[in-house]
Amino acid sequence: IQHALFACHPELHFLGKIVEKGKKTKGCLDDTTYRVLQNVLWNLNRKFKADQVTSLFQETLLPALPEGRCFAGSWEGLGNRSTVRYLEMLRRVKTVFGGCRIIFVLRNPLTQIPSLYIQNLRGHFVRTEYNWLGYNTYVDIEHWYRKRDKHISRASPLFNYSSCIRASIDFLGKDNVGVFLFEDLQTDPDAYYRAVCEFMKINPEIGVSLTEKKHLHGRVSQTQIDYLREVNSSLVYRFYICFLSKDARRKAFIAKAGGPPAKASLTDSLAKEISEATRDGHRWLVDNLHLPLQKYHYPL
C-alpha cells in the first residue's frame, strides 16, 4: 500500500516513511521532509519548536506540493504508542499541517503477533534492529514476547491501538479516522483498496489498478527460520555472523529462501494473555465503529 499506492497515485504527494537506522532521510522523500516529520511524528521526547517546524513546512514542503495533490505519509508503528505520546503527535500534526485524516489497519492479534515475531527475527538478523534480542539470531516466540514487553512496551505498546483510535476520533472527528482490517484485504483486495482510496478522497479506480496483484514482500520461509535456529545453536557461527556486513547477512538469508512459509504458534497461555489484553478495546470498536471483528475471530 505504501509503495504501490501512496508513492504512485497521481493525486498523492508521498512524503515517505521511517524505515531504518543510519540513513539520513530515513526513507522520507528528502532530508527536509525528514526534518519536518521527525519533529512531528517521531522525535516526541524533544521540545517541539512549533514556529520553526511550521515555517520549514510552509516555506519548503508546501510550495512543492503539485496542484491537485494532497500530502500522504506513513509509518507502521503509528498505533503502537502510549496514548499520551500519540496525542502529543496529533497536536503537533494539527499545529504544522492544520489537520489530517488518519488510517489504521488492524489485524487479529492472535495472528498478527506470530507474524510480527517472524518479521522481527528476520529484521534482527539482517539489520540487528533490536538490542533487546542481543546476539541471538533465534529465540522462541514466548522468549521474544517477554523480551519485547520488558524493554519497549512502555514506549511502543502492542495493544494500545484501540485507545489511539478513540483518541483520534475525539481529536480529529470521526469522519477523519479510517479503520480498515487486514483480513478484508486478504478476502477482497480490490474492495479494500477502493475503500481506502474513497476515505482518502482520491480516485479509487486508479488505486485499484495500481495495487492489482501487487505483492512486493516475499514471505519468510520455514527454511530461513531453520537457518536462524542453526546459526543460533553455534557460538562460533553467531560470532562469525556478527562481523558480516548488512548486505552479506541479507544475501545469506535470501539464499535460504524457498519452500513452505514460516509459521509460528502462540502458546495457550500467551494466546490467553493477548486475548485478555485486547478484548475490551475490540468490544469498543465493534460497539462504536461496527467493525466485523467477530467474523474474523478477534478476541471479544
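Our subject is the structure listed above.
Residues numbered from 1 in each chain as written. Predicted model: local features only at pLDDT ≥ 70, side-chain atom pairs only at ≥ 80, totals over all residues. Heavy atoms only, no water.

Trainee: Where do I start with the overall build of the chain in this structure?
Mentor: Each helix and strand in the chain was counted, giving 14 helices and 4 strands. Expected size for 300 residues packed as a compact globule is a radius of gyration near 19 Å; at 20 Å, the chain falls within 12% of this value. For the chain, the C-alpha atoms occupy an extent of roughly 55 × 45 × 40 Å along the three principal directions. Split into buried and exposed, the 300 residues of the chain put 41% on the buried side. (Helix = DSSP H or I, 4+ residues; strand = E, 2+ residues; numbered from the N terminus. Rg over C-alpha atoms; globule rule 2.2 N^0.38 Å. Buried < 20%, exposed > 50% of the residue type's maximum accessible area, 1.4 Å probe, protein only.)

Trainee: Quick question: what am I supposed to make of helix H10 (residues 204-211) here?
Mentor: Structurally, the α-helix is built with 3.6 residues per turn, so residues lying three or four positions apart point the same way. Where H10 is concerned, the buried positions are Gly207, Val208 and Thr211. End-on, the buried residues of H10 take up no more than an arc of 95°, which puts them together on one face. Residues of H10 that are buried in the fold lie against helix H1 (2-6) and helix H9 (189-200). Capping the start of H10, asparagine 203 holds a side-chain oxygen 2.9 Å from the backbone nitrogen of glutamate 205, two or three residues further along. (Arc of directions from axis to C-beta. Contact = heavy atoms within 4.5 Å. Polar contact = N/O pair within 3.5 Å; in protein donor to acceptor, adjacent residues only side chain to side chain.)

Trainee: Quick question: what am I supposed to make of the nonpolar core here?
Mentor: What tends to happen in soluble globular proteins is that the nonpolar side chains get buried as a cluster. With 67 residues, the main nonpolar core has Tyr86, Leu106, Trp144 and Ile165 as its most contacted residues. When neighbours within four sequence positions are excluded, tryptophan 144 is seen to be in contact with Ile113, Leu116, Tyr117, Asn120, Trp132, Leu133 and Val139. Ranked by size, the runner-up nonpolar core spans 14 residues in total, among them Phe14, Tyr193, Cys197 and Phe199. (Core = buried A, V, L, I, M, F, W, Y, C linked by side-chain atoms within 4.5 Å.)

Trainee: Looking at this model, I keep getting lost on the packing of aromatic side chains. Mind explaining?
Mentor: The description of two aromatic rings rests on the distance between their centres and on the angle between their planes. Counted according to the given criterion, the structure contains 18 aromatic pairs. Centre to centre, the rings of phenylalanine 71 and phenylalanine 97 are 6.5 Å apart; their planes meet at 70°, and the pair counts as edge-to-face. Of the two residues, phenylalanine 71 is situated in strand E2 (residues 70-74) and phenylalanine 97 in helix H4 (residues 83-97); the sequence distance between them amounts to 26 residues. Considering the side-chain rings of phenylalanine 125 and phenylalanine 253, the 6.0 Å spacing of their centres and the 40° angle between planes classify their relative orientation as tilted. Residue phenylalanine 125 is located in helix H5 (residues 109-127), and its partner phenylalanine 253 is located in helix H13 (residues 246-254); the two are separated by 128 residues in the primary sequence. (Phe/Tyr/Trp six-rings, centres within 6.5 Å; stacked < 30°, edge-to-face > 60°.)

Trainee: Teacher, can you tell me more about the packing of helix H7 (residues 161-172) against helix H14 (residues 268-289) here?
Mentor: When two helices pack together, you describe them by how their axes are tilted relative to each other and by the distance separating the axes. It is the contact of H7 with H14, at a shortest axis distance of 8 Å, that shows an interaxial angle of 35°. Across from Tyr161, Ser162, Ile165, Arg166 and Ile169 in H7, the residues of H14 making contact are Thr278, Gly281, His282, Trp284, Leu285 and Leu289. Tallied by class, the residues present in the contact of H7 with H14 amount to 6 nonpolar, 4 polar and 1 charged. (Axes fitted to C-alpha atoms, helices over the stretch in contact; angles between N-to-C directions. Nonpolar A, V, L, I, M, F, W, Y, C, P; charged D, E, K, R; others polar.)

Trainee: Is there a simple way to explain the side chain of asparagine 160 in this structure?
Mentor: Summarising the element assignment, asparagine 160 is placed in the loop between helix H6 (141-152) and H7. Engagement of the side chain of asparagine 160 in a polar contact is seen with the backbone oxygen of arginine 81, the distance being 2.7 Å. Discounting residues that sit within four places of it in the chain, asparagine 160 has contacts with Gly79, Arg81, Ser82 and Thr83.

Trainee: Any chance you could explain the pairing of strand E3 (residues 102-106) here in plain terms?
Mentor: Remember that side chains alternate between the two faces of the sheet whenever the strand is regular. Residues Ile102, Phe104 and Leu106 of E3 are buried on one face, while the alternating residues Ile103 and Val105, pointing to the opposite face, are not. Relative to strand E4 (residues 177-181), E3 runs parallel, the two sharing 5 bridges. Residue isoleucine 103 lies in a different strand from E4, and its bridge partner there is glycine 178. (Pairing = 2+ DSSP bridges.)

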